[in-house]
Amino acid sequence: MKQLLFSLIAAVALVGCGEKPIQMRAATFNVRFDSADDANGGNSWAERKESVADVILRHDFDIVGTQEANKDQMPELAALLPEYDYIYHSYGISEGFHNCITFYKRDKYELLDEGTFWYSPTPDVESFGWDANDYRLCNWGHFLDKATGRDFFYFNSHLYWRLETARANSGKVLVDKVREIAGDKPVIAVGDYNSREQTPQVKDILTLLSDAYKVSLTPPAGPTDTDLGGGNFLGPAQARIDYLFVSKDVTVEDYLVIDDKRPNGHYPSDHLPIVCNITIE
């Protein structure tokens with residue numbers, strides 16, 4: 001009887017240890033839309049795009065949520081990232097922005113499902129939110145990690161920036177939709193949230209998810225702030241408004257804000273990207 005009990009315990013232990021952890025380099029990067037005004041300072045998309053791609057490749061992002069790239073930028077960036085596939089959703093036909101684009105290494109991940117919701121009182125319908133005057137949304141992907149056979153969700157957002165009501169209500173929308181879509185699966189939620197950490201929307205998100213900056217096992221590296229100001233490609237950054245949030249089953253090993261510069265001394269975008277080595281237990 002004792003031998004049988006021991007065998008059963010050992011079998012359960014083996015099953016419990018059978019799942020390998022998922023390990024990845026997860027990132028977020030607002031790459032700045034292609035603005036004609038940027039060309040005056042030597043910061044046109046044509047002059048920046050290779051540097052944007054170089055950041056992604058040199059820092060070996062496995063999966064990265066990007067924001068703002070428009071319909072012309074998207075295929076150009078994809079062409080510079082041949083090892084990556086992507087998912088996206090346009091958030092303004094007139095503007096042509098594609099918020100948000102998530103690039104992922106095709107040899108590591110298989111896309112199982114994807115979808116979009118809008119930051120508004122009717123998130124399942126394409127719609128403006130509260131006092132906003134343009135569309136803001138979250139595009140999400142359900143991915144299979146090929147090395148482990150395990151799955152996870154990646155949510156990529158770009159929140160409204162100008163007026164407070166739209167931003168203040170957006171955190172609750174994200175929390176509700178993450179619960180609805182991902183259930184108890186591991187979640188990484190990234191993006192340009194246009195919000196400082198003391199705002200109601202960030203506080204709402206923190207009721208469900210953790211801020212990677214706060215829970216990193218090693219001290220955050222690089223600058224603290226990520227926002228250089230719209231159309232500004234010189235430092236210092238002014239605020240921490242870009243985030244990588246994780247569910248409780250995701251361990252953040254480290255946290256880095258990348259401050260690589262182009263040969264002219266300018267940053268590749270008006271936001272600094274964030275990358276974290278993470279482990280999904």
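Positions within a chain are numbered from 1, following the residues in the order the chain's sequence is written. Only residues with pLDDT of 70 or above have their local features reported here, since the model is predicted, and side-chain atom pairs are shown and tallied only from 80 upward, although totals for entire chains, interfaces and linings are computed over all residues. Side-chain metrics in this entry use all non-hydrogen atoms of the structure; hydrogen atoms and water are not considered.

A. Structural view of helix α2 (residues 45–58). For helices the rule is a DSSP run of H or I covering at least 4 residues; for strands it is a run of E covering at least 2, with both sets numbered from the N terminus onward. The span expected for a helix works out to 1.5 Å for each residue beyond the first. Over its 14 residues, α2 runs 19 Å from end to end, which matches the ideal 20 Å to within 8%, given 1.5 Å per residue. Residue exposure (1.4 Å probe, protein chains only): buried if accessible area is under 20% of the type maximum, exposed if over 50%, otherwise partly exposed. Turning to α2, its buried residues number three or more, namely Trp45, Arg48, Ser51, Val52, Ala53, Val55 and Ile56. By definition in these notes, contact holds between two residues if any of their heavy atoms fall within 4.5 Å. Those residues of α2 hidden inside the fold are in contact with β1 (22–30), β2 (63–67), α3 (73–79) and β3 (84–87). Of the residues trailing α2, Asp60 is marked for its positive phi of about 55 degrees.

B. Broad picture of the environment of Ile188. Relative to the helices and strands, Ile188 is located in strand β8 (residues 187–192). Note: C-alpha distance between Ile188 and Thr116 (72 residues apart in sequence) is 15 Å. Not counting chain neighbours up to four residues away, the residues in contact with Ile188 comprise Met24, Phe152, Phe153, Tyr154, Phe155, Leu244, Phe245, Ile278 and Ile280.

C. Examining the pattern of salt bridges more closely. Salt bridge, as applied in this entry: a Lys or Arg side-chain nitrogen positioned within 4 Å of an Asp or Glu carboxyl oxygen. Enumeration according to the criterion identifies 19 salt bridges in this entry. Where Glu164 meets Arg167, a salt bridge forms, and the shortest distance between an N and an O atom there is 2.2 Å. One end of the pair, Glu164, and the other, Arg167, are both in helix α4 (residues 164–182), three residues apart, so they sit about a helical turn from each other. In this structure Glu164 comes out as partly exposed when scored by relative accessible area, which is 48%. Where Asp211 meets Arg240, a salt bridge forms, and the shortest distance between an N and an O atom there is 2.8 Å. Taken together, the residues Asp211 in strand β9 (residues 210–211) and Arg240 in the loop between α6 (212–215) and β10 (242–246) connect sequence positions 29 residues apart. Summarising the burial analysis for this pair, Asp211 and Arg240 share the class buried. Look at the salt bridges and you will find they share partners, linking Asp60, Asp62, Lys105 and Lys108 into a network.

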